[in-house]
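Spelled out, the chains give:
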Amino acid sequence: MIKKAFLLIFAFTTSIAYSQCIDADKIVYGGNFDSHHYTYFCPRYQFSFDGDTSKIWNILDPIDIRKVAKSIFPIKEKVENQIKGYSGESFFSRMKFSSVEIVFPDSIAKFEDRVPGVNMKKCKSKYYFYYTFNPDSLATYNIGLAVDEEGNIVSPFNFPSKGDYQTIDPSLTVCKVIEIAKRINNKILPIEEVKFDYDKKERRFYWLVSQEIKNVKEGINLFNQVVIDAAEPKKQNLRKERLVLYSKK
């Protein structure tokens, strides 16, 4: 019993120490779900494994996916087989299903008071799947996929193909990335944000550490950024970026 309590205390202390390297709100999401062009204006309900189990469906909060298990699970399996076929098992193993939106055209009347209003001309898919790709326990890369009635993915993949994917270095955590960034240039401090993202042109994942601008002024504000390749951390790049603010006159 004492040993078990010690292990729990150790795990809790380690967790606190790990998170103290940066405030949680400075770890920002990479990628995007981007359902705007597919289901955003549709009469849709969202479903997840931890959704609401009540019989009355809520148009604002996720519903228990088991309520539509018979229809959605075969579609989900087909979608995930397409992901594996494109990106490979190694990439897919780091992906986590979040939720799925399903469009119900016969439910338009139930969405009359919703803002923005329903516009069926802008409904481009039957389903929209939400997944996350997690390089460590804190960082997240968002993946959204539009799917037609037959279960075919109709939106572009915002992640690498099987041939392009480079295995993420497991030693790189948010805190480790911050350490590397500070070694490269201590002027990166104070840090504004840390992000795990994907470069579509280079077809590689990377970590981005951005310096906080302490005294923001009108005009050009310069700040430092450190880019670290997520598969080969020795590939690093220090760059100057700028934030331009204009007068409201």
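The numbers attached to residues start from 1 for each chain and follow its sequence in the written order. Owing to the predicted nature of the model, reporting of local features is limited to residues with pLDDT of at least 70; listing and counting of side-chain atom pairs is limited to 80 or more, with chain, interface and lining totals taken over all residues. Excluding hydrogens and water, the side-chain values take into account all heavy atoms of the structure.

Peer 1: How do you make sense of the overall build of the protein chain when you look at a structure like this?
Peer 2: Within the protein chain, the secondary structure is distributed over 4 helices and 11 strands. Classification of the 249 residues of the protein chain by burial places 43% in the buried group. Should any heavy atoms of two residues lie within 4.5 Å, those residues are counted as being in contact. Considering only contacts in the protein chain between residues 6 or more positions apart, those separated by 24 or more positions represent 61%. Only the protein chains shown count as cover for residues, with accessible areas throughout obtained via the Shrake-Rupley method and a probe of 1.4 Å. Accessible surface, the protein chain: about 14,900 Å² in total, of which carbon and sulfur atoms supply 53%. The positive charge centre, built from 38 side chains, and the negative charge centre, built from 31, are 3 Å apart in the protein chain. Here a strand is any run of E in DSSP of at least two residues, a helix any run of H or I of at least four, and the numbering for each starts at the N terminus. Type-normalised accessible area, obtained with a 1.4 Å probe on protein chains alone, sets the label of each residue: buried when under 20%, exposed when over 50%, and partly exposed for intermediate values. Under the counting rule used here, the positive set is Lys and Arg, the negative set is Asp and Glu, and His together with the chain ends is not counted. Every charge is mapped to an atom, namely NZ of Lys, CZ of Arg, CG of Asp or CD of Glu.

Peer 1: What am I meant to see in the packing of aromatic side chains here?
Peer 2: For any pair of aromatic rings, geometry is given as the distance between the ring centres together with the angle between the planes. Pairing of aromatic rings covers Phe, Tyr and the six-membered ring of Trp, with a centre-to-centre limit of 6.5 Å; geometry is then stacked below 30 degrees between planes, edge-to-face above 60, and tilted otherwise. Tallied over the full model, the rule gives 30 aromatic pairs. Centre to centre, the rings of Tyr45 and Phe111 are 5.3 Å apart; their planes meet at 65°, and the pair counts as edge-to-face. Here Phe111 lies in the loop between strand E5 (95-103) and strand E6 (127-133) and Tyr45 lies in strand E3 (residues 44-48), a separation of 66 residues in the sequence. For the pair Tyr45 and Phe111, a shared accessibility class is recorded, and that class is buried. Here the aromatic rings of Phe91 and Tyr165 are separated by 5.4 Å at their centres, their planes lie at 80°, and the arrangement is edge-to-face. Placement of the pair is Phe91 in helix H3 (residues 89-92) and Tyr165 in the loop between strand E7 (141-147) and helix H4 (174-184), with a sequence separation of 74 residues. We classify Phe91 as buried; its relative accessible area is 0%. Linked through ring pairs, Tyr86, Phe91, Phe133, Tyr141, Phe157, Phe159, Tyr165, Phe196, Tyr198, Phe205 and Trp207 together constitute an aromatic cluster. For a ring to carry a charge above it, either NZ of a lysine or CZ of an arginine must fall within 6 Å of the ring centroid while also lying within 35 degrees of the normal to the ring plane. Positioned above the aromatic ring of Phe97 is the side chain of Lys76, whose terminal nitrogen or guanidinium carbon lies 5.0 Å from the ring centre.

Peer 1: Quick question: what am I supposed to make of the pairing of E6 here?
Peer 2: Walk down a regular strand and you will see the side chains alternate between the two sheet faces. Judged by how many residues are buried, E6 sits mostly within the fold: 7 of 7 residues are covered. Both faces of E6 are covered, namely the face carrying Tyr127, Phe129, Tyr131 and Phe133 and the face carrying Tyr128, Tyr130 and Thr132. The rule for pairing is simple: two strands pair if DSSP sees at least two bridges between them. Where E5 meets E6, 7 bridges bridge the pair, whose relative direction is antiparallel. By the bridge assignment for E6, Phe97 is matched with Tyr131. Inspection of the sheet shows E6 paired to E7 by 7 bridges, in the antiparallel sense.

Peer 1: Explanation requested: the sheet that holds E6 in the structure shown.
Peer 2: What links the strands of a sheet is backbone hydrogen bonding, and the strands pair in either a parallel or an antiparallel sense. Taken in spatial order, the 6 strands make up an open sheet running E2-E7-E6-E5-E3-E4, and their pairing is mixed. Single-partner strands in this sheet number two, and they are strand E2 (30-32) and strand E4 (63-64). Think of each axis as a best-fit line through the C-alpha atoms, taken over the contacting stretch in the case of a helix, with angles from 0 to 180 degrees between the N-to-C directions. Lying over the sheet, helix H2 (residues 69-87) contacts E5, E6 and E7, oriented at roughly 55° with respect to E6.

Peer 1: Looking at this structure, I do not really get H2. What am I missing?
Peer 2: Two residues of an α-helix separated by three or four positions point the same way, owing to the 3.6 residues in each turn. In a regular helix each residue adds 1.5 Å, so 19 residues correspond to 27 Å; H2 covers 26 Å between its end C-alpha atoms and thus fits that length. Turning to H2, its buried residues number three or more, namely Ile72, Ile75, Lys76, Val79, Glu80, Ile83 and Ser87. One side of H2 carries all its buried residues, which in axial view fall inside an arc of 135°. Within H2, the exposed residues directed more than 90 degrees away from the buried face are Lys70 and Glu77. Buried positions along H2 lie against H3, E5, E6 and E7. Of the residues one or two after H2, Gly88 is the one with positive phi, at around 95°. Expected helix span is taken as 1.5 Å per residue step, with the number of steps being one fewer than the number of residues. The arc in question is formed by the directions pointing from the helix axis toward the C-beta atoms.

Peer 1: Can you walk me through the confidence of the model for the protein chain in this structure?
Peer 2: Do not read the predicted coordinates in detail wherever pLDDT is low. Every residue carries a pLDDT, the predictor's confidence in it, which falls somewhere between 0 and 100. Per-residue confidence for the protein chain averages 91 on the pLDDT scale, and 91% of its residues sit at or above 70. Here residues 1-18 is modelled with pLDDT under 50, and outside its nearest four sequence neighbours on either side it reaches 6 contacts, counting other chains as well.

Peer 1: Would you mind going over the sheet that holds strand E10 (residues 219-229) with me for this structure?
Peer 2: Read across the open sheet, the 5 strands follow the order E1-E8-E9-E10-E11; overall the sheet is mixed. Each having just a single partner strand, strand E1 (27-28) and strand E11 (236-245) make up the two edges of the open sheet. Where E10 meets E11, 10 bridges bridge the pair, whose relative direction is antiparallel. The residue of E11 that forms the bridge with Asn224 is Lys240. Running over the sheet, H4 touches E1, strand E8 (191-199), strand E9 (204-211), E10 and E11 and is turned about 120° from E10.

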